[in-house]
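# Coordinate inspection notes
If you want the building blocks of each chain, they are given just below.
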Amino acid sequence: MQVTPIVFVVDDDVSVRESLELLIRCEGWLPAAFASAQEFLACPRALVPSCLVLDVSLPGLNGLDLQKRVAVERT
């Protein structure tokens, strides 16, 4: 069984989010896009290979803090 990696995109700019989703999908990967760090954290994530592409300047929890939080959750 082949597992499709997921590319998570977190960006509050809808045009950036949609453009990245399209690009990721065109490359044959599975995108999952979120408008905020809180929205991303609230969504259950499958244990499959994944990548996180995020905006540094997010409202509320910024991108760097989100990256740190995800790294702590994975360890």
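Residues numbered from 1 in each chain as written. Predicted model: local features only at pLDDT ≥ 70, side-chain atom pairs only at ≥ 80, totals over all residues. Heavy atoms only, no water.

### Remarks on the pairing of strand S2 (residues 30-34)
Where strand S1 (residues 6-10) meets S2, five bridges bridge the pair, whose relative direction is parallel. Within S2, the residue paired with isoleucine 6 across the bridge is leucine 30. (Pairing = 2+ DSSP bridges. Helix = DSSP H or I, 4+ residues; strand = E, 2+ residues; numbered from the N terminus.)

### Points about the nonpolar core
In terms of nonpolar packing, the biggest core is built from eleven residues, these being Ile6, Phe8, Val10, Ala32, Phe34, Ala37, Phe40, Leu58, Leu61, Leu66 and Val70. When residues in this core are grouped by element, the largest group, three residues, is from S1. Ignoring any residue separated from it by four or fewer positions in sequence, one finds alanine 32 in contact with Ile6, Val7, Phe8 and Val9. (Core = buried A, V, L, I, M, F, W, Y, C linked by side-chain atoms within 4.5 Å. Buried < 20%, exposed > 50% of the residue type's maximum accessible area, 1.4 Å probe, protein only. Contact = heavy atoms within 4.5 Å.)

### Focus: helix H1 (residues 14-26)
Its 13 residues give H1 an end-to-end C-alpha distance of 18 Å, which sits within 8% of 18 Å, the value for a rise of 1.5 Å per residue. Directly beyond the C-terminal end of H1, a positive phi value near 90° is found at glycine 28. (Expected span 1.5 Å × (residues − 1).)

### A look at the side chain of serine 36
Relative to the helices and strands, serine 36 is located in the loop between S2 and helix H2 (37-42). Within the local environment of serine 36, its side chain forms a polar contact with the backbone nitrogen of glutamate 39, the two atoms lying 3.0 Å apart. (Polar contact = N/O pair within 3.5 Å; in protein donor to acceptor, adjacent residues only side chain to side chain.)

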